Amino acid sequence: MTGAVNFFSKHKHVISYGFSLAILLFLLKWLEIRFVIINHALEIYIAAIAILFTSLGIWLALKLTSPKTIVVEKEVFTQSENTFFSNEKEIEKLGISKRELEVLQLISAGFSNQEIADHLFVSLNTIKTHSSNLFGKMEVKSRTQATDKAKRLNIIEK
């Protein structure tokens with residue numbers, strides 16, 4: 001311990017001079033920073049705002065463009081055109097023959113009496129007879145009523 005005390009006592013002037021220079025240097029740097037901030041306050045303020053908005057823009061862009069895709073798999077059931085089953089009980093209940101059912105399907109497709117006759121290779125009067133029989137059995141008065149009722153009763157495909 002005496003060696004350390006001897007060192008400080010021998011070099012007391014040098015240590016105090018160095019300590020004084022360190023304090024003076026600290027004071028000058030503090031004044032320089034203060035001078036820079038005061039003289040360039042607007043530029044520093046603008047730079048701080050620019051850095052703030054740039055970082056905010058980058059953060060927002062990353063949040064908005066990050067893919068957050070959620071894949072949901074659901075089983076979807078579809079009816080194909082061949083899955084229609086006519087209501088046979090209703091057809092029997094109404095007493096509709098196979099030929100009258102064919103006429104009814106063609107009526108619902110929008111064919112005229114003459115086109116139905118040509119399609120089924122029968123006379124126009126036969127189609128008119130089948131139509132009037134259908135109307136009576138279904139208790140309707142027009143082609144559209146017959147089509148609507150047949151679709152409701154599931155006799156023909158919707």
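Notes on the structure follow. Worth saying up front: this structure is predicted, and the values here are computed from it rather than measured.

A closer look at the overall build of the protein
Along its length, the protein carries eight helices and zero strands. The linear arrangement of helices and strands in the protein, starting from the amino end, is α-α-α-α-α-α-α-α. Over its C-alpha atoms, taken along the principal directions, the protein stretches across nearly 140 × 45 × 25 Å. Looking at the protein residue by residue over its 158 residues, the buried ones come to 16%. Here the protein has roughly 13,200 Å² of accessible surface; of this, 64% comes from carbon and sulfur atoms. In the protein, 19 positive and 15 negative side-chain charges are present, and the distance between their average locations comes to 15 Å.

What to know about the environment of Ser-132
When you line up the elements, Ser-132 lands in helix 7 (residues 124–138). Sequence separation between Ser-132 and Leu-52 is 80 residues, and the spatial gap between their C-alpha atoms is 85 Å.

Some words on the pattern of salt bridges
Applying the stated criterion across every chain yields a total of three salt bridges. Linking Glu-32 and Lys-29 is a salt bridge whose minimum nitrogen-to-oxygen distance equals 3.5 Å. Of this pair, Glu-32 and Lys-29 both sit in helix 2 (residues 12–39), separated by three residues, roughly a single helical turn. Residue classification places Glu-32 among the partly exposed positions, given a relative accessible area of 43%. Overall, the relative accessible area of 46% leaves Lys-29 in the partly exposed class. Across the pair Arg-99 and Glu-102 runs a salt bridge whose closest N-O atoms are separated by 3.4 Å. Of this pair, Arg-99 and Glu-102 both sit in helix 5 (residues 98–108), separated by three residues, roughly a single helical turn.

Some details on the packing of helix 5 against helix 7
When two helices pack together, their arrangement is given by the angle between the helix axes and the distance between those axes. Running from N to C, helix 5 and helix 7 cross one another at 90°; their axes reach a closest spacing of 10 Å. The orientation of helix 5 relative to helix 7 falls into the category roughly perpendicular. In contact with Arg-99, Glu-100, Val-103, Leu-104 and Ile-107 of helix 5, helix 7 contributes Ile-127, His-130, Ser-131, Asn-133, Leu-134, Lys-137 and Met-138. Across the contact of helix 5 with helix 7, the residue classes tally to six nonpolar, three polar and three charged.

Notes on the packing of helix 2 against helix 3 (residues 41–65)
Put simply, helix 2 and helix 3 touch, their axes get as near as 4 Å, and they point 80° apart. When the axis of helix 2 is compared with that of helix 3, the two are roughly perpendicular. Facing Val-36, Ile-37, Ile-38 and Asn-39 of helix 2, the residues of helix 3 in contact are Ala-41, Glu-43 and Ile-44. Residues of the contact of helix 2 with helix 3, tallied by class, amount to five nonpolar, one polar and one charged.

Cut-off values and rules
Sequence order as written defines residue numbering, which begins from 1 separately in each chain. A pLDDT threshold of at least 70 governs which residues receive local features in this predicted model, and a stricter bar of 80 or more applies before side-chain atom pairs are shown or counted, although totals over entire chains, interfaces and linings include all residues. Water and hydrogen atoms were dropped before computing side-chain values, which therefore reflect all heavy atoms in the structure. Secondary structure elements are taken from DSSP: a helix is a run of H or I of four residues or more, a strand is a run of E of two residues or more, and numbering for both begins at the N terminus. Exposure categories follow from relative accessible area, calculated using a 1.4 Å probe and restricted to protein chains: below 20% of the type maximum is buried, above 50% is exposed, and the middle band is partly exposed. What sets the accessible areas is the Shrake-Rupley method with a 1.4 Å probe; for residues, cover comes only from the shown protein chains. Here the positive residues are Lys and Arg and the negative ones are Asp and Glu; neither His nor the chain ends is included. Charge positions are represented by NZ for Lys, CZ for Arg, CG for Asp and CD for Glu. Salt bridges are counted wherever a side-chain nitrogen of Lys or Arg sits within 4 Å of a carboxyl oxygen of Asp or Glu. Note on method: axes are straight lines fitted to C-alpha atoms, helices fitted across the in-contact stretch only, with angles between N-to-C directions ranging 0 to 180 degrees. Should an angle fall under 35 degrees it is called roughly parallel, over 145 degrees roughly antiparallel, and 65 to 115 degrees roughly perpendicular, with every other angle called oblique. Contact between two residues is taken to exist if any of their heavy atoms lie within 4.5 Å; hydrogens are not considered. For this classification, Asp, Glu, Lys and Arg are treated as charged, while Ala, Val, Leu, Ile, Met, Phe, Trp, Tyr, Cys and Pro are nonpolar and the rest, including Gly, are polar.

Treat this as a map of the structure, not an account of what it does.
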